[in-house]
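What the coordinates show
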Amino acid sequence: MPILLVFSLCLALSATQAVAATYEGLPALVGIQGSEGTLWTYTTPEYSGESGTWKSTGKGLAAGTSPSVAKGEGENYGVAFHALGTNHLWIYPTLGLPVETIWGLAPGTSPSIARISGGFEAAFHAEGTNHLWTYSSVTGVGTDTGKGLATGTSPSIAKGSGETYGIAFHAEGTNHLWIYPSIGSPVETIWGLASGTSPSITHIAGGFEVAFHAEGTNDLWVYSSVTGVGTDTGLGIAPGTSPAITNFAGSYKVLFQALGLNDLYLYSPSTGGANLGLGMAPGTSPTITTRFPEETYWMGAFQANTGVMWTYSSSGGGASSGGLMKAGTSPSAAGGL
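Residues numbered from 1 in each chain as written. Predicted model: local features only at pLDDT ≥ 70, side-chain atom pairs only at ≥ 80, totals over all residues. Heavy atoms only, no water.

The next thing to look at is the overall build of the protein chain. Looking only at helices and strands, one finds 1 helix and 28 strands in the protein chain. For 337 residues, the compact-globule estimate of 2.2 N^0.38 gives 20 Å, and the protein chain sits close to it at 18 Å. Structurally, the protein chain occupies a C-alpha span of about 50 × 45 × 35 Å along its principal axes. For the protein chain, the share of sequence-separated contacts (at least 6 apart) that also reach a separation of at least 24 residues comes to 45%. (Helix = DSSP H or I, 4+ residues; strand = E, 2+ residues; numbered from the N terminus. Rg over C-alpha atoms; globule rule 2.2 N^0.38 Å. Contact = heavy atoms within 4.5 Å.)

The following block contains the structure:
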């Protein structure tokens, strides 16, 4: 039986949703590398107990890489991915035609995408130079920032206030966390990241908040570009995995794979850590996004220890999507308006 058919049957047989119908916010979009190696998207239901919608794009992803999803204007979403064969950066909009760029990504690395006026901005680890590059879908221009990334790591981009954006990355050589803003000067922090891990960035009032897997302690740390302060949460992260952060209700939430347990964990600055009681596939990382209305709902997605993509809603809890993921890859999610 072809792998694709197995994937489709898994979707049809999915029935592990929460029993009580709970409103979970407006639909979000999740992107994954399916078990057969191509890009799939999943539109989440508004209520627990309902089924989401899967769509196959037929586009192949490079081995060991994961897509990145951003909410665009209106009903559009953009998905950035590292293409199989060419290693080129592709932008796949849900409304419009896919775009293959001429820029290549370093082996095993994944791009990150954020909304800008009129389209999307992607950040990626370029092949050859190992530099941080950006690409605008509006102008079609790629730009070399000249900043080196650590081997096997990927940048994270987030929309800031107005038309700005910020990029967090794991620097080559020093292993320090850097923040690269679209306006202003790059900032090198004093905090180091664990080998092979990547930071995650989100917008907060006045700047950006970053979550990262610290070297040495292997704890989850957070860093504020507003205060310049890094904070050790004291919560351990599983080897080779990276956290995910989203802004939420004037603060932020972080999801990560816990050290030792391999369970999905939530960190909130106001309440600390909480074990969500769902097992993750070793070596994979979760994603998190705000679901609108944004003051009430957030949602995570992750590869479960069964290889199936699960979602976790702040209101409805965990639910299986039924979709099998490629081993060693991670999902990406973006909330909807």
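So, on to the nonpolar core. Counting 16 residues, the largest nonpolar core has L255, L264, L276, W298, F302, W310 and Y312 as its most contacted members. Looking at this core, the elements that each hand over two or more residues are β20 (244–248), β22 (263–268), β23 (272–279), β25 (297–303) and β26 (308–313). In terms of residue count, the dominant contributor to this core is β26 (3 residues). The residues contacting L264, other than those within four sequence positions of it, are L255, F256, A274, N275, L276, G277, L278, M280, P286, F302 and Y312. (Core = buried A, V, L, I, M, F, W, Y, C linked by side-chain atoms within 4.5 Å. Buried < 20%, exposed > 50% of the residue type's maximum accessible area, 1.4 Å probe, protein only.)

If you walk through the whole model with that rule in mind, you get 14 aromatic pairs. Relative to W221, the ring of W191 lies with its centre 6.3 Å away and its plane at 45°, an arrangement referred to as tilted. Of the two residues, W191 is situated in strand β15 (residues 187–192) and W221 in strand β18 (residues 219–224); the sequence distance between them amounts to 30 residues. When its relative accessible area of 18% is taken as the criterion, W191 is described as buried. An aromatic cluster is defined as three or more aromatic residues linked by ring pairs; in this entry it consists of W103, F124, W133 and Y135. A cation sits over an aromatic face here: K71 above Y77, 5.2 Å from the ring centre. (Phe/Tyr/Trp six-rings, centres within 6.5 Å; stacked < 30°, edge-to-face > 60°. Lys NZ or Arg CZ within 6 Å of the ring centre and 35° of its normal.)

The next subject is the pattern of salt bridges. All chains considered together, the criterion is met by 1 salt bridge. Put simply, R291 and E24 hold a salt bridge, and the shortest N to O gap is 3.8 Å. With R291 in strand β24 (residues 287–291) and E24 in the loop between α1 (3–13) and β1 (29–33), this residue pair connects regions lying 267 residues apart in the sequence. Note on accessibility: R291 and E24 belong to one class, buried. (Salt bridge = Lys/Arg side-chain N within 4 Å of Asp/Glu carboxyl O.)

Let us now look at the sheet that holds strand β21 (residues 251–257). Pairing is antiparallel across the open sheet formed by 4 strands, whose spatial order is β20-β21-β22-β23. In this open sheet, the two edge strands, each paired with only one partner strand, are β20 and β23. The mean inter-strand angle of the sheet, taken between neighbouring strand axes irrespective of direction, is 20°. (Pairing = 2+ DSSP bridges. Axes fitted to C-alpha atoms, helices over the stretch in contact; angles between N-to-C directions.)

Look at N175: it is not a glycine, yet its phi comes out positive at around 65°. Position of N175 relative to the elements: it lies in the loop between β13 (165–170) and β14 (176–181). By relative accessible area, N175 is classed as partly exposed at 25%. Of note in the backbone geometry, N218 takes a positive phi value of approximately 60° without being a glycine. Looking at the element boundaries, N218 is found in the loop between β17 (207–213) and β18.

Within the secondary structure, T57 is located in strand β3 (residues 53–60). Side-chain polar atoms of T57 contact the backbone nitrogen of K59, separated by 3.2 Å. Filtering out sequence-adjacent residues up to four positions away, T57 remains in contact with L39 and Y92. (Polar contact = N/O pair within 3.5 Å; in protein donor to acceptor, adjacent residues only side chain to side chain.)

Let's shift gears to the confidence of the model for the protein chain. Considering every residue of the protein chain, the mean pLDDT works out to 92; 93% of them sit at 70 or more. The low-confidence segment residues 1–19 (pLDDT under 50) makes 35 contacts with residues lying over four places distant or belonging to another chain. (pLDDT = per-residue confidence, 0-100.)

Relative to the helices and strands, L132 resides in strand β10 (residues 131–136). The exposure class of L132 is buried, given its relative accessible area of 0%. The spacing of L132 and L278 is 146 residues in sequence and 34 Å in space, taken between C-alpha atoms. Those residues in contact with L132 that lie beyond four places of it in its chain are A123, F124, T143, D144, T145, G146, K147, L149, P155, I167, F169 and Y180.

Moving on, we get to the sheet that holds β14. Spatially, the 4 strands line up as an open sheet ordered β12-β13-β14-β15, and their pairing is antiparallel. Looking at which strands have only one partner, the edges of the open sheet turn out to be β12 (156–159) and β15. For this sheet, the mean angle separating the axes of adjacent strands, direction not counted, is 20°. As judged from the 5 bridges shared by β13 and β14, these two strands associate in the antiparallel manner. Its bridge partner lying in β14, A168 is registered against I179.

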